[in-house]
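Listed below are the residues making up each chain.
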Amino acid sequence: MKKLFLTFDDGPSAEYTETLLNLLDELNIKATFFVVGEFAKENPDIIREEIRRGHEVCLHANRHISSWLMTRKTFTEDMDEALKTLEALGVKPHYYRPPWGMTRRFSRYEAGKRRMHLIKWDVMAEDWRASTTSSTICKKILDRVFPGAVICLHDGRGRNCAPSRTIEALKSALPILKERGYVFETL
Ligand SMILES: [Zn+2]
């Protein structure tokens with residue numbers, strides 16, 4: 001079976017995530033969300049909605065900061081704060097994707113200690129860029145995927161309403177990928 005793993009970083013976003021969840025429902029696709037703890041705290045209902053609709057919620061960070069700008073102590077506090085927020089929402093993340101994919105020895109160790117696998121991605125579409133278009137994002141996704149690929153997109157942050165272009169791109173790309181025989185699974 002040709003599987004793809006659709007993942008979204010940097011949410012939840014009050015502006016974009018609901019629209020994305022509706023699109024995924026229409027296409028009956030389940031995805032994995034790598035959420036930012038402080039955004040989850042501001043938008044707990046969106047996290048609940050992600051779970052209710054069968055998606056997987058995983059950890060990105062509490063504040064969207066690189067571990068290279070943190071001490072081990074501030075990193076650990078950040079991670080635990082995010083896990084506390086998620087735990088209150090009934091989420092025990094199994095995967096951790098650090099901001100920009102940047103890790104240090106201690107960040108890998110602390111994630112493992114908290115029973116989370118570190119995961120990066122196989123395919124990006126640079127969907128956060130201010131200058132990109134939805135058709136460029138769509139083309140990059142279609143050109144770059146391969147069976148088993150983990151696709152990294154964004155439903156929060158980004159420049160100039162970036163997630164709205166991501167969602168537009170997916171409206172075109174996802175039906176085409178389904179036609180090509182791909183099935184979508186959570187991690
Ligand atoms: Zn991020």
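Up top you'll find the structure we're talking about.
Here's what I pulled together on the structure shown here. Not measured: the values here are computed from a predicted model. (Residues numbered from 1 in each chain as written. Predicted model: local features only at pLDDT ≥ 70, side-chain atom pairs only at ≥ 80, totals over all residues. Heavy atoms only, no water.)

Focus: helix α3 (residues 44-52)
And then number 1: All of the buried residues along α3 are Ile46, Ile47, Glu49 and Glu50. Take α3 and look down its axis: the buried residues cluster within an arc of 160°, on one side only. Residues of α3 that are exposed and point over 90 degrees away from its buried face: Asp45 and Arg52.
And then number 2: Along its buried surface, α3 packs onto α1 (17-26), β2 (32-36), α2 (37-42) and β3 (56-61). (Buried < 20%, exposed > 50% of the residue type's maximum accessible area, 1.4 Å probe, protein only. Helix = DSSP H or I, 4+ residues; strand = E, 2+ residues; numbered from the N terminus. Arc of directions from axis to C-beta. Contact = heavy atoms within 4.5 Å.)

With respect to the packing of helix α4 (residues 72-88) against helix α5 (residues 105-113)
And then number 1: Relative orientation of the contacting elements α4 and α5 amounts to 35°, with a least axis distance of 10 Å. As α4 packs across α5, the resulting crossing turns out to be right-handed. Across the interface between the two elements, Arg72, Phe75, Thr76 and Met79 of α4 pack against Phe106, Ser107, Tyr109, Glu110 and Ala111 of α5.
And then number 2: Split into classes, the residues belonging to the contact of α4 with α5 amount to five nonpolar, two polar and two charged. (Axes fitted to C-alpha atoms, helices over the stretch in contact; angles between N-to-C directions. Left-handed = near helix turned anticlockwise from the far one by under 90°. Nonpolar A, V, L, I, M, F, W, Y, C, P; charged D, E, K, R; others polar.)

Here's the deal with the nonpolar core
The nonpolar side chains of soluble globular proteins are, as a tendency, buried together.
And then number 1: Ranked by internal contacts, the top residues of the largest apolar core, which has 47 residues, are Leu6, Phe8, Leu24, Ile141, Leu174 and Leu177.
And then number 2: Look past the residues within four positions of Phe8 in its chain and what remains in contact with it is Leu20, Leu24, Ala31, Thr32, Phe33, Phe34, Leu153, His154, Asp155 and Leu170.
And then number 3: Formed by five residues, the second largest nonpolar core is a distinct cluster that contains Phe5, Phe34, Ile119 and Val150. (Core = buried A, V, L, I, M, F, W, Y, C linked by side-chain atoms within 4.5 Å.)

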